[in-house]
Amino acid sequence: DAGVIQSPRHEVTEMGQEVTLRCKPISGHDYLFWYRQTMMRGLELLIYFNNNVPIDDSGMPEDRFSAKMPNASFSTLKIQPSEPRDSAVYFCASRTGTSGNTYNEQFFGPGTRLTVL
Amino acid sequence: LAKTTQPISMDSYEGQEVNITCSHNNIATNDYITWYQQFPSQGPRFIIQGYKTKVTNEVASLFIPADRKSSTLSLPRVSLSDTAVYYCLVGDMEAGNMLTFGGGTRLMVKP
(Lines give C-alpha, C1' and ligand atoms only; values in the text may rest on other atoms or scores of the structure.)
Protein backbone atom coordinates (compact mmCIF):
# COMPACT_ATOMS: atom_id res chain seq x y z
CA ASP A 1 0.00 0.00 0.00
CA ALA A 2 1.44 3.36 -1.03
CA GLY A 3 -0.17 5.19 1.83
CA VAL A 4 -1.82 8.57 1.47
CA ILE A 5 -0.54 10.34 -1.62
CA GLN A 6 -0.39 14.09 -1.93
CA SER A 7 0.59 16.30 -4.81
CA PRO A 8 2.38 18.47 -5.40
CA ARG A 9 4.94 18.11 -2.61
CA HIS A 10 5.99 21.71 -3.00
CA GLU A 11 4.12 24.65 -4.48
CA VAL A 12 5.34 28.20 -4.88
CA THR A 13 2.91 30.72 -6.21
CA GLU A 14 2.24 34.42 -6.22
CA MET A 15 -0.40 36.19 -4.25
CA GLY A 16 -3.74 36.18 -6.01
CA GLN A 17 -3.18 32.95 -7.88
CA GLU A 18 -5.34 29.86 -7.53
CA VAL A 19 -3.79 26.89 -5.80
CA THR A 20 -5.08 23.32 -5.93
CA LEU A 21 -3.75 20.63 -3.63
CA ARG A 22 -4.55 17.01 -4.30
CA CYS A 23 -4.91 13.92 -2.16
CA LYS A 24 -5.43 10.24 -2.77
CA PRO A 25 -6.46 8.44 0.43
CA ILE A 26 -5.66 4.86 1.30
CA SER A 27 -7.98 2.52 -0.55
CA GLY A 28 -10.92 1.43 1.57
CA HIS A 29 -10.72 4.33 4.00
CA ASP A 30 -14.03 6.04 4.65
CA TYR A 31 -12.75 9.27 6.17
CA LEU A 32 -10.53 11.94 4.67
CA PHE A 33 -9.11 14.92 6.52
CA TRP A 34 -7.33 18.10 5.50
CA TYR A 35 -4.97 19.75 7.99
CA ARG A 36 -2.79 22.82 7.88
CA GLN A 37 0.43 23.22 9.87
CA THR A 38 2.27 26.44 10.61
CA MET A 39 4.81 27.41 13.24
CA MET A 40 2.42 29.92 14.76
CA ARG A 41 -0.77 27.86 14.88
CA GLY A 42 0.49 24.30 14.89
CA LEU A 43 -1.54 21.56 13.25
CA GLU A 44 -5.16 22.54 12.55
CA LEU A 45 -8.00 20.47 11.14
CA LEU A 46 -9.60 22.29 8.22
CA ILE A 47 -12.30 19.91 7.01
CA TYR A 48 -13.12 16.23 6.93
CA PHE A 49 -15.23 13.96 4.75
CA ASN A 50 -17.05 10.72 5.43
CA ASN A 51 -17.88 8.61 2.38
CA ASN A 52 -17.11 11.59 0.16
CA VAL A 53 -19.51 13.90 2.01
CA PRO A 54 -18.14 16.93 3.88
CA ILE A 55 -19.00 16.52 7.55
CA ASP A 56 -17.35 19.43 9.30
CA ASP A 57 -15.73 22.40 7.61
CA SER A 58 -15.64 24.66 10.65
CA GLY A 59 -11.88 24.79 10.46
CA MET A 60 -11.80 26.26 6.97
CA PRO A 61 -10.39 29.74 7.50
CA GLU A 62 -12.51 31.65 5.01
CA ASP A 63 -14.39 31.52 1.75
CA ARG A 64 -11.19 31.52 -0.22
CA PHE A 65 -10.76 27.89 0.82
CA SER A 66 -12.84 25.09 -0.64
CA ALA A 67 -12.53 21.32 -0.61
CA LYS A 68 -14.15 18.63 -2.69
CA MET A 69 -14.17 14.88 -2.77
CA PRO A 70 -15.72 13.76 -6.08
CA ASN A 71 -15.04 10.09 -5.39
CA ALA A 72 -13.58 7.78 -2.78
CA SER A 73 -10.07 7.98 -4.17
CA PHE A 74 -9.56 11.68 -4.73
CA SER A 75 -9.91 14.99 -2.93
CA THR A 76 -8.83 18.55 -3.62
CA LEU A 77 -8.24 21.58 -1.47
CA LYS A 78 -8.42 24.83 -3.40
CA ILE A 79 -7.37 28.29 -2.36
CA GLN A 80 -8.55 31.15 -4.53
CA PRO A 81 -7.16 33.75 -4.41
CA SER A 82 -4.10 32.76 -2.42
CA GLU A 83 -2.45 35.09 0.09
CA PRO A 84 0.99 35.05 1.76
CA ARG A 85 -0.61 34.08 5.09
CA ASP A 86 -1.78 30.84 3.48
CA SER A 87 1.83 29.66 3.38
CA ALA A 88 1.95 26.43 5.36
CA VAL A 89 2.28 22.68 5.06
CA TYR A 90 -1.04 21.09 4.15
CA PHE A 91 -1.58 17.48 5.18
CA CYS A 92 -4.18 15.04 4.02
CA ALA A 93 -5.05 12.05 6.22
CA SER A 94 -7.43 9.13 5.95
CA ARG A 95 -8.79 6.36 8.13
CA THR A 96 -11.31 3.58 8.14
CA GLY A 97 -14.72 3.89 9.72
CA THR A 98 -15.20 3.63 13.44
CA SER A 99 -15.80 0.06 14.51
CA GLY A 100 -16.88 -0.58 18.05
CA ASN A 101 -14.07 -0.34 20.53
CA THR A 102 -11.32 -0.30 17.97
CA TYR A 103 -9.57 3.01 17.50
CA ASN A 104 -8.93 3.73 13.87
CA GLU A 105 -5.79 5.77 13.56
CA GLN A 106 -5.42 8.48 11.01
CA PHE A 107 -2.78 7.94 8.36
CA PHE A 108 -1.15 11.11 7.18
CA GLY A 109 0.33 11.90 3.80
CA PRO A 110 3.72 13.55 3.33
CA GLY A 111 2.19 17.00 3.02
CA THR A 112 2.32 19.81 0.50
CA ARG A 113 4.52 22.76 1.40
CA LEU A 114 2.83 25.87 0.02
CA THR A 115 4.62 29.16 -0.30
CA VAL A 116 2.66 32.20 -1.43
CA LEU A 117 4.85 35.14 -2.37
CA LEU B 1 -12.55 18.32 23.69
CA ALA B 2 -10.25 18.00 26.66
CA LYS B 3 -7.31 20.38 26.70
CA THR B 4 -3.87 18.86 27.03
CA THR B 5 -0.67 20.29 28.45
CA GLN B 6 2.76 18.85 27.76
CA PRO B 7 6.31 20.15 27.97
CA ILE B 8 7.44 22.18 24.99
CA SER B 9 10.75 20.38 24.66
CA MET B 10 12.94 17.68 26.16
CA ASP B 11 16.49 16.55 25.64
CA SER B 12 17.84 13.05 26.08
CA TYR B 13 20.79 10.90 25.13
CA GLU B 14 20.92 7.73 23.13
CA GLY B 15 20.10 4.63 25.12
CA GLN B 16 18.14 6.44 27.81
CA GLU B 17 14.50 5.95 28.63
CA VAL B 18 12.37 9.01 27.93
CA ASN B 19 9.12 9.78 29.70
CA ILE B 20 6.85 12.51 28.39
CA THR B 21 3.96 13.46 30.62
CA CYS B 22 0.73 15.01 29.43
CA SER B 23 -1.87 16.65 31.65
CA HIS B 24 -5.56 16.43 30.75
CA ASN B 25 -7.49 17.46 33.84
CA ASN B 26 -10.82 17.75 32.03
CA ILE B 27 -10.79 14.31 30.45
CA ALA B 28 -14.28 12.89 29.98
CA THR B 29 -15.47 9.39 30.69
CA ASN B 30 -15.59 8.42 27.02
CA ASP B 31 -12.24 9.96 26.14
CA TYR B 32 -9.23 7.94 25.07
CA ILE B 33 -5.63 9.12 25.19
CA THR B 34 -3.66 8.91 21.99
CA TRP B 35 -0.09 9.82 21.11
CA TYR B 36 1.23 10.74 17.69
CA GLN B 37 4.81 11.25 16.56
CA GLN B 38 5.93 13.66 13.86
CA PHE B 39 9.33 13.66 12.20
CA PRO B 40 10.54 16.76 10.36
CA SER B 41 8.99 17.11 6.92
CA GLN B 42 6.55 14.27 7.54
CA GLY B 43 2.97 13.91 8.66
CA PRO B 44 2.14 12.73 12.18
CA ARG B 45 2.14 9.00 12.85
CA PHE B 46 0.08 7.12 15.42
CA ILE B 47 2.17 5.64 18.23
CA ILE B 48 -0.12 4.33 20.95
CA GLN B 49 -3.51 4.71 22.54
CA GLY B 50 -5.01 3.81 25.91
CA TYR B 51 -7.93 4.30 28.24
CA LYS B 52 -6.54 3.37 31.63
CA THR B 53 -3.66 1.57 33.37
CA LYS B 54 -0.85 0.54 31.06
CA VAL B 55 -0.59 -0.16 27.37
CA THR B 56 2.53 -1.42 25.63
CA ASN B 57 3.38 -2.01 22.01
CA GLU B 58 6.57 -2.50 20.06
CA VAL B 59 7.31 1.21 20.05
CA ALA B 60 6.30 2.61 23.42
CA SER B 61 4.40 2.23 26.65
CA LEU B 62 1.61 4.41 27.91
CA PHE B 63 0.95 4.77 31.61
CA ILE B 64 -2.38 6.17 32.78
CA PRO B 65 -3.13 6.61 36.50
CA ALA B 66 -6.49 5.76 37.99
CA ASP B 67 -7.81 9.33 37.87
CA ARG B 68 -6.80 9.59 34.17
CA LYS B 69 -5.95 13.26 34.57
CA SER B 70 -2.52 12.67 33.13
CA SER B 71 -0.64 10.14 31.07
CA THR B 72 2.99 9.33 30.43
CA LEU B 73 4.46 8.16 27.17
CA SER B 74 7.55 6.08 27.77
CA LEU B 75 10.12 5.48 25.04
CA PRO B 76 12.65 2.81 26.04
CA ARG B 77 16.25 3.23 25.03
CA VAL B 78 15.85 6.07 22.58
CA SER B 79 18.03 6.49 19.53
CA LEU B 80 18.84 9.50 17.38
CA SER B 81 15.99 8.53 15.08
CA ASP B 82 13.48 9.14 17.88
CA THR B 83 14.11 12.87 17.59
CA ALA B 84 10.65 14.17 16.74
CA VAL B 85 7.64 16.05 18.05
CA TYR B 86 5.28 14.00 20.20
CA TYR B 87 1.63 14.97 20.48
CA CYS B 88 -0.77 13.95 23.21
CA LEU B 89 -4.44 13.96 22.17
CA VAL B 90 -7.54 13.26 24.19
CA GLY B 91 -10.94 12.60 22.71
CA ASP B 92 -13.93 10.36 22.32
CA MET B 93 -13.05 7.51 20.01
CA GLU B 94 -16.35 7.83 18.24
CA ALA B 95 -15.61 11.49 17.75
CA GLY B 96 -12.02 10.62 17.03
CA ASN B 97 -12.33 12.42 13.78
CA MET B 98 -11.81 15.70 15.50
CA LEU B 99 -8.19 15.27 16.43
CA THR B 100 -6.95 18.42 18.13
CA PHE B 101 -3.20 18.68 18.10
CA GLY B 102 -1.64 20.90 20.73
CA GLY B 103 1.87 22.22 20.60
CA GLY B 104 3.46 18.85 21.22
CA THR B 105 6.77 18.04 22.88
CA ARG B 106 9.89 18.43 20.81
CA LEU B 107 12.26 15.61 21.81
CA MET B 108 15.89 15.98 20.92
CA VAL B 109 18.02 12.86 21.29
CA LYS B 110 21.72 13.53 21.44
CA PRO B 111 24.60 11.12 20.81
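Please read these numbers as outputs of a predicted model, since none were measured by experiment.

A. Structural context of the side chain of T38(A). All names here are of chain A. Tracing the chain through its elements places T38 in strand β4 (residues 31-38). A distance of 3.0 Å separates the side chain of T38 from the backbone nitrogen of R41, its partner in a polar contact. If sequence neighbours within four positions are ignored, T38 has contacts with S87 and A88.

B. Here's a closer look at the pattern of salt bridges. Residues and elements named next belong to chain A. The tally for this structure, following the rule as stated, stands at 9 salt bridges over all chains. The partner of E62 in a salt bridge is R64, and the shortest N-O contact between them spans 2.8 Å. A residue is classified by how much of its surface remains accessible, and R64, at 10% relative accessible area, is buried. Two residues, E62 and R85, come together in a salt bridge whose shortest N-O distance is 3.2 Å. Separated by 23 residues along the polypeptide, E62 in the loop between β6 (53-56) and β7 (65-71) and R85 in the loop between β8 (74-79) and β9 (88-95) bring together distant segments of the chain. Residue class for E62 comes out partly exposed when judged on its relative accessible area of 26%. Where salt bridges share partners, they join E62, R64, E83, R85 and D86 into one cluster.

C. Just the side chain of D82(B), in detail. Residues and elements named next belong to chain B. By the secondary structure assignment, D82 is in the loop between β7 (70-75) and β8 (84-92). Here D82 is buried and forms no salt bridge, its nearest opposite-charge partner R45 lying at an N-O distance of 6.7 Å. A distance of 2.8 Å separates the side chain of D82 from the backbone nitrogen of S79, its partner in a polar contact. Setting aside residues no more than four positions away along its own chain, D82 makes contact with Q37, R77, L107 and V109.

D. Just the state of the cysteines, in detail. Residues and elements named next belong to chain B. Under the criterion given, the structure shown has 2 disulfides over all chains. One disulfide in the model links C22 with C88; its S-S distance is 2.2 Å. Given an S-S torsion of about -80 degrees, the disulfide between C22 and C88 has left-handed geometry. In this pair, C22 is assigned in strand β2 (residues 18-23) and C88 in strand β8, connecting sequence segments 66 residues apart. By relative accessible area, which is 0% here, C22 ends up buried. A residue is classified by how much of its surface remains accessible, and C88, at 0% relative accessible area, is buried.

E. Looking closely at the sheet that holds strand β3 (residues 31-38) of chain B. Residue and element names in this part refer to chain B. Read from one edge to the other, the open sheet built from 5 strands follows the order β1-β9-β8-β3-β4, with strand pairing classed as mixed. Each of the sheet's edge strands pairs with one partner strand only, and the pair in question is β1 (9-13) and β4 (45-50). Mean inter-strand twist for the sheet, computed between neighbouring axes without regard to direction, equals 25 degrees. Where β1 lies against strand β9 (residues 105-110), 5 bridges are found, and the strand directions are parallel. When the sheet's bridge partners are listed, D11 is paired in β9 with M108.

About the cut-offs
- Residue indices begin from 1 for each chain and proceed along its sequence in written order.
- Numbering of ligands from 1 and lettering of chains from A proceed in the order in which they are written.
- In keeping with the model being predicted, local features are shown solely for residues with a pLDDT of at least 70 and side-chain atom pairs are shown and tallied solely at 80 or more, while totals for entire chains, interfaces and linings include all residues.
- Only hydrogens and water are set aside when side-chain values are computed; all heavy atoms of the structure are taken into account.
- Elements are defined by DSSP. Helices are runs of H or I of four residues or more, strands are runs of E of two residues or more, and each kind is numbered from the N terminus.
- The term polar contact refers here to a pair of N or O atoms within 3.5 Å; inside protein, the definition further demands a hydrogen-donor-capable atom paired with an acceptor-capable atom, and it admits residues adjacent in sequence only when both atoms are side-chain atoms.
- Whether two residues touch is decided by their heavy atoms; if any such pair falls within 4.5 Å, the residues are in contact.
- Put simply, a salt bridge is a Lys or Arg side-chain nitrogen that is within 4 Å of an Asp or Glu carboxyl oxygen.
- In this scheme, a residue with accessible area under 20% of its type's maximum is buried, one over 50% is exposed, and one in between is partly exposed, where area comes from a 1.4 Å probe on protein chains only.
- Asp and Glu count as negative and Lys and Arg as positive, but His and the ends of the chain are not part of the count.
- Pairs of cysteine sulfur atoms within 2.5 Å are what we label disulfides.
- Here, a strand pair is defined by DSSP locating no fewer than two bridges between the strands.
- For helices, the fitted line uses only the C-alpha atoms of the stretch in contact; every axis is such a line through C-alpha atoms, and the angle between N-to-C directions lies from 0 to 180 degrees.

Just geometry here; none of it tells us what the structure is for.
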